[in-house]
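Working through the structure, step by step
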Amino acid sequence: MTASTTPSVVVGVDGSDSGRRALDWAVEEATRRRLPLQLLCAWQSDYAAEMVAPLVPSIEEECRSILESAAADAKTVSSGVEVRVSTVHAQAASALIAASRHANTVVVGSRGFAAVKESFLGSTSMQVAAHAACPVVVVREPGVRHDGTRRVVVGVDGSDLSVEATGYAFAQASQRGVGLTVLHAWDANAFTSSVALSVLVEPWAELEAEQGEITSAAIVGWADRYPRVEVRTLVVQGRPADTLVDSSESAELLVVGSRGRGGFRGLLLGSVSRHVLHGAHCPVAVVRPSAGDIAVTP
């Protein structure tokens, strides 16, 4: 694969503090994995073209200024990273989703501000996480920097997509030289609220054992592929969304599938993933269905 065709780490920049944190994360990711870094600034006006036309030169100049500043910041953090820049006249989410078709990873801040119209607001992060063609990392505030003491945490639920998410999490832990926690949370109330407790008394132990098997099954194959990653499996009784948010307090990166086992087939972003994106205390990687190998090269 030539340098020009190597999938890049794409990051949306808009000059906001949230965008700067996303840029820092993206620079470290691109440097660690020796991938090009693509800085993307998008703008779109809600007004008629003839009304906006006189403002286009100043808007494009603002985009150029944002990109130049971001590129300089990236080179300050990592002088060796290859930086590419692009301005797109389109709605921010649409521009990032289009870029994701040729990207390795898309990185966005959790929210931005309208220095450039329609620029990387919270709704943009959710749209990109729901529709992108590659893993999406949403960098929450405050940013968590890599220091080797935190772990990568991945939520699993037995779905095929959570197996892909586990592979991504193993690869991230391997690249970062940190441990991995494979977490499965199950809500006992989901069983006891619909079935008489007396009916569940005898098979309760079997039900608990089945939950443990979910974490064991999730790491099959991945643990052999990444033998140097120290793995812990954890089964917790509780609401999955809340449990994952709690786990993020001590995590370097939280990894989830875009839609879990309980989600509707047509739902692009499940309720757990949406809750985690809103409440996590660390960057969140959302792994979408992939036709290829989503794992990071060790």
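How each quantity is defined
Residues numbered from 1 in each chain as written. Predicted model: local features only at pLDDT ≥ 70, side-chain atom pairs only at ≥ 80, totals over all residues. Heavy atoms only, no water. Helix = DSSP H or I, 4+ residues; strand = E, 2+ residues; numbered from the N terminus. Buried < 20%, exposed > 50% of the residue type's maximum accessible area, 1.4 Å probe, protein only. Contact = heavy atoms within 4.5 Å. Areas by Shrake-Rupley, 256 points an atom, 1.4 Å probe, with all protein chains shown as cover. Pairing = 2+ DSSP bridges. Axes fitted to C-alpha atoms, helices over the stretch in contact; angles between N-to-C directions. Disulfide = S-S within 2.5 Å. Core = buried A, V, L, I, M, F, W, Y, C linked by side-chain atoms within 4.5 Å.

1. Things to note about the overall build of the chain
Looking only at helices and strands, one finds twelve helices and ten strands in the chain. Looking at the chain as a whole, 48% of its 298 residues are labelled buried. Taking the intrachain contacts of the chain between residues at least 6 apart in sequence as the baseline, contacts between residues at least 24 apart amount to 81%. Taken as a whole, the chain presents about 14000 Å² of accessible surface, with 53% of it coming from carbon and sulfur.

2. Details of the sheet that holds strand β6 (residues 151-155)
Spatially, ten strands are ordered β3-β2-β1-β4-β5-β10-β9-β6-β7-β8 in an open sheet, and the strand pairing comes out mixed. Single-partner strands in this sheet number two, and they are β3 (83-89) and β8 (231-237). Across this sheet, the average inter-strand angle for adjacent strands is 25°, counted without regard to direction. Examined bridge by bridge, strand β9 (residues 251-257) and strand β10 (residues 284-287) share four bridges and lie parallel to one another. Note on β10: the bridge partner recorded for Leu254 is Val284. Contacts from helix α1 (residues 17-33) reach β1 (8-12), β2 (37-43), β4 (103-109), β5 (136-139) and β9, with the element oriented near 155° to β4.

3. Observations concerning helix α11 (residues 240-247)
For α11, the full list of buried residues reads Ala241, Thr243, Leu244, Val245 and Ser247. Check the buried side of α11 and you find it contacts β6, β7 (180-186), β8, β9 and α12 (271-279).

4. Here's the deal with unusual backbone geometry
Of all residues except glycine, most have a negative phi; of all peptide bonds, most are trans. Positive phi values are uncommon outside glycine, yet Arg34 reaches one of about 55°. One can find Arg34 in the loop between α1 and β2. By relative accessible area, which is 78% here, Arg34 ends up exposed.

5. Observations regarding the side chain of Ser100
Looking at the secondary structure, you find Ser100 in helix α4 (residues 92-100). Here Ser100 is in contact with Val106, Ala132, Ala133 and Cys134, once residues within four sequence places are set aside.

6. Topic: the state of the cysteines
Using the criterion set out here, one finds zero disulfides in the structure. With no disulfide of its own, Cys41 has Cys63 as its nearest cysteine by sulfur position, at a separation of 3.3 Å. A residue is classified by how much of its surface remains accessible, and Cys41, at 0% relative accessible area, is buried. A relative accessible area of 0% means that Cys63 is categorised as buried.

7. Observations regarding the nonpolar core
Among the nonpolar cores identified, the biggest contains 47 residues, and Val11, Leu37, Val107, Leu180 and Val255 are the most heavily contacted of them. The biggest single contributor to this core is helix α3 (residues 56-77), with seven residues. Not counting the four nearest positions on each side in its chain, Val255 is found in contact with Val152, Val153, Val154, Gly155, Ala165, Tyr168, Ala169, Ala285 and Val287. With 32 residues, the next largest nonpolar core counts Val108, Val128, Val153 and Cys282 among its residues.

Nothing here speaks to function; it is geometry throughout.
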